[in-house]
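What follows is each chain in one-letter form.
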Amino acid sequence: MIKDSNRIVFKFGTNILRNDNGEISLTRLYSFIEDIATLRKKGKEVLVVTSGAVGLGAKKLNVDTSQSTVLKQAAASVGQQILMSIWQDGFEKYGICVAQILLTEEDFSNRKKYLSLRNTLSKLLELGIIPIINQNDAVSPSELEHVCFSDNDKLSAIVASKLDADLLVMVSDIDGLFDKNPKEYSDAKKIDVVEKVTSKIEKLASGASLGGRGGMITKLSAAKVVTSSGLYAMIVNGKKPQIIKKIFEEENVGTLFLPTKVLSHKKRWIAYATNIMGEITVNSGAKTALIEKQKSLLAVGIVDVKGDFKAGEIISIYDESGLEFARAVVNYNSDECKKIMGAHSDEIERILGYKLDDDVVIKDNLVLL
């Protein structure tokens, strides 16, 4: 099952790449590189999502990045060079070429950019090159401040989902998911396999780890994205020797998350968009039509519009209780939606002076959550 995975995304967190003094742990990182090089030489395609630029830059500059976003950006610009040089030097010893890919939210939210990125990464893999991916923290403060794309767990999940990977491995400093917090309860037991990330499973998560932006909550969120795209996900402890090798020897390490369903490429892009530009609230009749009858969204079912969005951008769809139950590409901009909400389709041209479509959202551009 896992050993047959051909395209694999490895995500390495800040804490797993650093030692207790906050410096890069070369011994551990080179061990990862050696095991990944072995996989690469067996013909497997590998992508690496790596954290650590801000931490390495802060150490080099001797600054406290908690003081401001600008300091974090400065640290990221310095630390990224250090981080990349270590990955590059390590893989060169095994005759493997790497490529640096720095990403922002817009690279995924804009469909043209996303398709271009997908083509670039696919070509790199075809050429036998390992992409080394990180958020472009030096120029994109949103990644440093907001939840939407604030950690590399989510980034790695999006990369895995949209590049048709078979497996996402999140290399952390914990053995996996436990039935209770192992730092507080000595009798906590590791969960070996999770069939579906339910609300009950999500309640087992705790907060962010010290020194990093991610924690078990973000890892479960990433696992949900990956498994709902038909892929496997794992959380493993990178402080254990040869952990990557053990994964592919099918030893019982970490927690394995099983695939639940498969979405098309376009629907993955919609469902896991990094930028949601606005909200539409619909009445109960429209919700029933969307969920049970799999219909398109008509203006007559809309009761509220929030945000400033353009036609072709992704919006969230809520019911009147405030529950987000769908995401979609919208055919009209926010001003137009406000003008035609509650109106029948044959009234749209009279209200706007033109008609772009009978539907505000067509069913093929809508994903139920």
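Owing to the predicted nature of the structure, the values given are computational and were not obtained by experimental measurement.

So, about the confidence of the model for the chain. For the chain, the mean per-residue pLDDT works out to 87, and 93% of the residues sit at or above 70. Here residues 143–149 scores under 50 on pLDDT; set against residues more than four positions off or in separate chains, the count is 27 contacts.

This part covers the sheet that holds strand β6 (residues 193–194). A sheet is described by the order of its strands in space; here eight strands give the open sequence β3-β4-β2-β1-β5-β7-β8-β6, paired in mixed fashion. Because the sheet does not close on itself, it has two edges, and the strands there are β3 (98–103) and β6. Where strand β2 (residues 45–50) and strand β4 (residues 130–135) come together, two bridges link them in parallel fashion. Bridge pairing in β4 links Val49 to Ile133.

A few words now on unusual backbone geometry. At Asn62, a position not held by glycine, the phi torsion is positive, near 55 degrees. Despite not being glycine, Gln242 shows a phi value in the positive range, around 50 degrees. Among the structural elements, Gln242 can be located in the loop between β7 (232–237) and α11 (243–248).

With that settled, consider the side chain of Thr50. Note on placement: Thr50 falls in strand β2. Here Trp87 takes part through its side chain, which lies 3.2 Å from a polar atom of the side chain of Thr50. With sequence-adjacent residues up to four places away left out, Thr50 is seen in contact with Phe12, Leu17, Leu83, Trp87, Ile132, Ile133, Asn134 and Asn152.

Helix α10 (residues 216–227) packs onto helix α8 (residues 152–162) with a crossing angle of 10 degrees between their chain directions and a minimal axis gap of 8 Å. By the angle between their directions, the pair α8 and α10 is classed as roughly parallel. Side by side, α8 and α10 meet where Asp153, Lys154, Ala157, Ala160 and Ser161 of the first sit next to Thr218, Lys219, Ala222, Val225 and Val226 of the second. Counted by class, the contact of α8 with α10 contains five nonpolar, two polar and three charged residues.

Before going further, it helps to spend a moment on the pairing of strand β9 (residues 278–282). A large share of β9 lies buried, amounting to four of its five residues. The pairing of β9 with strand β10 (residues 302–307) spans five bridges and is antiparallel. Looking at β10, one finds that Thr281 is bridged to Asp304.

On to the environment of His344. Residue position: His344 is located in the loop between α14 (334–340) and α15 (348–352). The spacing of His344 and Asp358 is 14 residues in sequence and 8.8 Å in space, taken between C-alpha atoms.

What follows covers the packing of helix α2 (residues 26–41) against helix α4 (residues 69–92). Where α2 contacts α4, the axes come no closer than 9 Å and their chain directions differ by 50 degrees. The angle between the axes of α2 and α4 places the two elements in the oblique class. α2 and α4 meet at a crossing whose hand is right-handed. In this structure, α2 contributes Leu26, Leu29, Tyr30, Ile33, Ile36 and Ala37 to the contact, and α4 contributes Ile86, Trp87, Gly90 and Phe91.

Conventions adopted
Residues numbered from 1 in each chain as written. Predicted model: local features only at pLDDT ≥ 70, side-chain atom pairs only at ≥ 80, totals over all residues. Heavy atoms only, no water. pLDDT = per-residue confidence, 0-100. Contact = heavy atoms within 4.5 Å. Pairing = 2+ DSSP bridges. Helix = DSSP H or I, 4+ residues; strand = E, 2+ residues; numbered from the N terminus. Polar contact = N/O pair within 3.5 Å; in protein donor to acceptor, adjacent residues only side chain to side chain. Axes fitted to C-alpha atoms, helices over the stretch in contact; angles between N-to-C directions. Parallel < 35°, antiparallel > 145°, perpendicular 65-115°, else oblique. Nonpolar A, V, L, I, M, F, W, Y, C, P; charged D, E, K, R; others polar. Buried < 20%, exposed > 50% of the residue type's maximum accessible area, 1.4 Å probe, protein only. Left-handed = near helix turned anticlockwise from the far one by under 90°.

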